[in-house]
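The chain contents come next:
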Amino acid sequence: MKKAQLLNSFTRRALCAALAAAALPVFAADPWPTRPVRIVVPFAAGGGGDFIVRSWAENFSAALGQPVVIENRGGGNTVTGSEFVARATPDGYTLLFASTALSTNPSLVPNLKYRTPEDFAPISHVISYPFAMVARTTLEANSVQEVIALAKKNPGKLNISTSGDGSGAHLAAELFKEATGTNIQTIPYRGAGPAISDVAAGHIDLTFTGMSQVQPLIDAKRVKVIASTGQYRLKSAPDAKTVAEQGVPGFNAVVWWGLLAPAGTPKEVVDKIHQALRTSLADQEVKKRLAVIDGDVRTSSPQEFESFIRDEVVRWKRLIKPSTMAPR
């Protein structure tokens, strides 16, 4: 009897061990991702963020081996979508395609319900691009130094339209005023379209905008390009020197975009996302699609991207003050 009991006990243990061993390959063969990955764009559909992310989403999907779903969650100068991702389960299935606004909102939005970058797991920088500084065709200035001279001769009389308080265009305008010591009015509009249209109509003197948005007006000679706001000249307007080249050393105002996950996302998942993103952005067709916005496509390590965002938060806190915002 005892021998039979011992045999049964041994058989049970052997069976349990065999089942456990058989289960191991199942888990090993079932790594992330096993279902669609969602990328939240914190802007309304049809904007610049949409265009950029859709330029590489198909390649990203192929690299991951899973469908990629683009979800627009606009509102609150990107706060709505950013907060949604910050509160999402940190499993790699919900990502944020963030812009410069992620680093400016800590200075712009009282009682922000997430911390930047602490509530996120930065993955990589994706692209940055400069603005074109453009003017109405009748403005008596054709260079940065002539704009500065005109502004100093007529303090408070020149104006710059922006696509809204806290927008990249608004921040570029504030940087320009600070760097040049000029008193120019900034006038916020509800979006880049009307801000550009009023320059073309001659109602506004200057604006900062992406070349893809203003190129038709340049071609029609309804506005003129004064400068590029980045560190390099615009590919689509190579004769237009940068602001820095025109006597404002170190001036650099660009829009950047990058990919993030919720804080707490496992490192091995972040690494897989990072590698898939690098692969998709290296594709020549993707580069060709993004060339139309004069963008600098480049990836960075998660650590480099986190450090970059921290520096951006500090930079904008120094610049953004109540006096730079329109009355609410």
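Just so it is clear, the structure is predicted and the values come from calculations on it, not from any experiment.

Scoring rules and cut-offs
- Residues numbered from 1 in each chain as written.
- Predicted model: local features only at pLDDT ≥ 70, side-chain atom pairs only at ≥ 80, totals over all residues.
- Heavy atoms only, no water.
- Helix = DSSP H or I, 4+ residues; strand = E, 2+ residues; numbered from the N terminus.
- Buried < 20%, exposed > 50% of the residue type's maximum accessible area, 1.4 Å probe, protein only.
- Contact = heavy atoms within 4.5 Å.
- Areas by Shrake-Rupley, 256 points an atom, 1.4 Å probe, with all protein chains shown as cover.
- Salt bridge = Lys/Arg side-chain N within 4 Å of Asp/Glu carboxyl O.
- 1 Å grid on protein atoms, 1.4 Å probe; cavity = no way out; pocket = protein on both sides within 12 Å on 5 of 7 lines; lining within 4 Å.
- Points joined across faces, edges and corners; volume = space filled by probe spheres on them.
- Nonpolar A, V, L, I, M, F, W, Y, C, P; charged D, E, K, R; others polar.
- Core = buried A, V, L, I, M, F, W, Y, C linked by side-chain atoms within 4.5 Å.
- Pairing = 2+ DSSP bridges.
- Axes fitted to C-alpha atoms, helices over the stretch in contact; angles between N-to-C directions.

Caption draft 1: Broad picture of the overall build of the protein chain. In terms of helices and strands, the protein chain carries eleven helices and eleven strands. By residue count, 48% of the 328 residues in the protein chain fall in the buried class. Long-range contacts, defined here as pairs at least 24 residues apart, represent 78% of the contacts in the protein chain between residues at least 6 apart. Counting only carbon and sulfur atoms, one obtains 55% of the accessible surface of the protein chain, whose full area is about 15,800 Å².

Caption draft 2: Layout of unusual backbone geometry. For the peptide bond that leads from W32 to P33, omega is 0 degrees, which places it in the cis range. In this structure, P33 sits in the loop between α1 (2-28) and β1 (37-41). Cis geometry is found at the peptide bond from T116 to P117, where omega equals 5 degrees. Counting through the fold element by element, P117 comes out in the loop between α4 (101-108) and β4 (120-130). In this structure, T78 takes a positive phi of about 80 degrees despite not being glycine. Turning to its location among the elements, T78 is positioned in the loop between β2 (68-72) and α3 (79-86). The class of T78 is buried, set by a relative accessible area of 3%. Here N111, not a glycine, exhibits a phi torsion of approximately 55 degrees, which is positive.

Caption draft 3: Highlighting the pattern of salt bridges. Summed over the entire model, instances satisfying the criterion amount to 16 salt bridges. A salt bridge links D50 to R54; the shortest N-O distance between them is 3.8 Å. In this pair, D50 and R54 both sit in helix α2 (residues 48-64), four residues apart, roughly one turn of the helix. Its relative accessible area of 7% is what places D50 among the buried residues. The exposure class assigned to R54 is partly exposed, which follows from its relative accessible area of 45%. Between E312 and R315 there is a salt bridge; the shortest N-O distance is 3.3 Å. You can see E312 and its partner R315 sitting in helix α11 (residues 302-319), three residues apart, about one turn around the helix. For R315, a relative accessible area of 25% puts it in the partly exposed group.

Caption draft 4: Quick look at the layout of surface pockets. In this model, the largest pocket occupies a volume close to 1,100 Å³. Looking at the largest pocket, it is lined by 42 residues, and the ones nearest its centre are F43, S163, S167, G168 and A192. At the level of elements, α2, α4, α6 (168-180), β8 (206-209), α8 (211-219) and β10 (254-262) are the ones that each hand at least two residues to the lining of the largest pocket. When grouped by side-chain class, the residues that make up the lining of the largest pocket number 21 nonpolar, 18 polar and three charged.

Caption draft 5: Summary view of the nonpolar core. Formed by 64 residues in total, the largest nonpolar core has its most connected members in I39, W56, F60, F97, F176 and L259. Residues within four places of W56 in sequence aside, it is in contact with I39, F97, V126, L259, L277, S280, L281, V286 and R289. The next biggest cluster of nonpolar side chains, apart from the first, holds 17 residues, and it includes Y189, I196, V199 and I204.

Caption draft 6: Structural view of the environment of W316. Residue placement: W316 occurs in helix α11. Considered as a pair, W316 and L171 are 145 residues apart in the sequence and their alpha carbons are 8.5 Å apart. Setting aside its immediate chain neighbours within four residues, W316 contacts T100, S103, T104, S107, L171 and L175.

Caption draft 7: Representation of the sheet that holds strand β5 (residues 132-136) within the structure. Taken in spatial order, the five strands line up as β7-β6-β8-β5-β9 in an open sheet, and their pairing is mixed. Of all strands in the sheet, those with a lone pairing partner are β7 (185-188) and β9 (223-228), marking the two edges. Between one strand axis and the next, the sheet turns through 30 degrees on average, direction left out of account. Summarising the sheet, β5 and β8 pair through four bridges and their orientation is antiparallel. By the bridge assignment for β8, A135 is matched with L206. Contacts from helix α5 (residues 144-153) reach β5, β8 and β9 within the one sheet, and its direction differs from that of β9 by about 105 degrees.

Caption draft 8: The sheet that holds β2, seen in detail. Strand order in the open sheet made by the six strands is β2-β1-β3-β10-β4-β11, with mixed pairing throughout. Lying at the two open borders of the sheet, with one neighbouring strand each, are β2 and β11 (296-297). Sheet topology places β1 next to strand β3 (residues 94-99); three bridges connect them, and they run parallel. Of the residues in β3, the one forming a bridge with V40 is L96. Running at roughly 160 degrees to β2, α2 makes contact with β1, β2, β3, β4 and β10 of the sheet. Contacting β4 and β10, α11 crosses the sheet at an angle of about 70 degrees to β4.

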